[in-house]
Structure formats: C-alpha cells, structure tokens
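Understanding the architecture of this molecule
The chain contents come next:
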Amino acid sequence: MRVLVLEDDDAQQGRIETALLDIAKTMRIKLHVDIAKSYRDLQAYQNFLDHYQLYFLDLEVDNDREMGFKVAKEIREHDPYTSLVFVSALSESATLAFRYHLSALDFIVKDHNEEVYRDQIRSCVEHVLHHNHLTEERNLFTYIHEGRQGFSVPYRDLLAIETTGDSHRLKLYCTNSSKIFYGSLAEIMEQDRKHQLEYASRFLLVNIDNVKECLKGEVVFLDGMSFPASRTGQRILKKRLVAREETDR
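Residues numbered from 1 in each chain as written. Predicted model: local features only at pLDDT ≥ 70, side-chain atom pairs only at ≥ 80, totals over all residues. Heavy atoms only, no water.

Looking at the sheet that holds strand β13 (residues 211-215)
Remark on secondary structure: sheet strands pair via backbone hydrogen bonds, oriented parallel or antiparallel. The strand order β13-β14-β15 describes an open sheet built from three strands, whose pairing is antiparallel. Only two strands of the sheet have a single neighbouring strand rather than two, namely β13 and β15 (226-228). Across this sheet, the average inter-strand angle for adjacent strands is 20°, counted without regard to direction. Both strand β14 (residues 218-221) and β15 contribute to a ladder of three bridges, which runs antiparallel. For E218, the partnering residue across the bridge sits in β15 and is P228. (Pairing = 2+ DSSP bridges. Helix = DSSP H or I, 4+ residues; strand = E, 2+ residues; numbered from the N terminus. Axes fitted to C-alpha atoms, helices over the stretch in contact; angles between N-to-C directions.)

Some points on the confidence of the model for the chain
Confidence in the prediction for the chain averages 87 pLDDT; 90% of positions are at 70 or higher. Averaged pLDDT values over the elements of the chain bottom out at 62 in helix α4 (residues 96-99) and peak at 97 in strand β12 (residues 204-207). (pLDDT = per-residue confidence, 0-100.)

Points about the pattern of salt bridges
Here the structure, examined in full by the defined rule, presents ten salt bridges. D22 serves as the salt-bridge partner of R118, at 3.0 Å between the closest nitrogen and oxygen. With R118 in helix α5 (residues 114-137) and D22 in helix α1 (residues 10-27), this pair connects stretches of sequence that are 96 residues apart. By relative accessible area, R118 is classed as partly exposed at 24%. The class of D22 is partly exposed, set by a relative accessible area of 33%. One salt-bridge network, in which partners are shared between bridges, spans R15, D22, E114 and R118. (Salt bridge = Lys/Arg side-chain N within 4 Å of Asp/Glu carboxyl O. Buried < 20%, exposed > 50% of the residue type's maximum accessible area, 1.4 Å probe, protein only.)

This is the structure:
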C-alpha cells in the first residue's frame, strides 16, 4: 500500500511515519510512505496523486488553516475513490469537511494520547486494506504498472483505452473524465479479471458493457462517444454484443 502524508511540522512528520511503519511491521504488510512538507513539496507528487491508496493530510500547512481541504479537493479530481484522513490539532476543524463536501475516512486529532492516535491510524490502514481486497473482487478495475498503481476506476465508468503515439503512454477515457498514463494494452488485458475489455483495433481497448453498437469503421458507446475500429475488431465486438444480448434475455 502506498501512503502520502502532508505535514509541515518535523516532529509530527516523524510521529506519523514511525506509527505507520510500526503498524505495518505488526500487521506484516508492506507500506510505502512519502512525506510532503509543504504544498510546494506536494507538486513533486502531482503526477502520481492517483498512485496512493491512503492520504493523511494536515489541515494547516504553509500558514493556511484550510490547506489540507484544498489539497483534498485536488486529490479527488485525480482519484475520486481514494481514502483521505484529515489530521489537525483543532478538533473543531472536523466540521469544515462538510463545507468542502469531502468524504473523509477519519479525522485524527494530534493531541490524542499515543495509544488512541495509533489506534485511529491502524483502523484507517485496516479499512483501506479490506476495501481494496473487496473492490478487486467486485466492480473496480485497478491497473498496476511496474509495481505502481496506474489507476483505479469502476468498470461502469470505463469506456476505452487507446495508445497515444508516444512510447508506453496511453489515454484512459471514462464517462466524465480522461487521463494520460504509462502502461501497455497487453498488460491491461492481462489484468482485466472480469474480461470486459476487448480490442477494437491494435491501438484501442473498449469496455464491451459500455458499447452501444458497431457501425461501419467505428464503435459507438452508450453516451454517444465513438472511436475508429478495425475490421477484425468489429467482427469480435459484434460477436461479444450478440453474446451479451443473449445473456441479458
């Protein structure tokens, strides 16, 4: 599991990192912990915000008492499904999360004694581990590239993945967003445990459940989006669509 901590106080950085590593050792799991000491430091991780499964965000950073909430909104734009935990010396700040409409896993007060503090952190780690295990077996497609999480997205939102022309750079299309990431179509097919993805051409994978129809030279999705498809890809997709209709009867 990859964890990112935003904390500008040296003592608190050491405290939470030590707690996480001790918890990982006790639970016999592998945790990779990155620390950002300021919003500027966080920019170094900007392209990898959807690689982390758990975030611990101090609210007051760079003398801004609501910086943690602002960072959380940015993270949500990159990855709507990751787990966020807010950390603050002020317990009353918890109510501000509602104003920002952010769904947080927990709110940890720094002034808690060490036992309570660590219990909360451990509960967060356990929840994410359990959630990841369940979603892997259900409806979330998670792509791992070179040991890192490339992206996680519900199958229902996944439309297509295509090559970009740049080496190992692909583009993911979802119902309300798109993103560039590193990987290969062959790897993605190997990791598609539900077998919902199919080649529309050598350069394009599509989620068969979101395909509406195959027209001459293209595949059309339920939302109206379309992509070019090869002859071979069209034949395969049409067979899959017929099989889907028969299953739905």
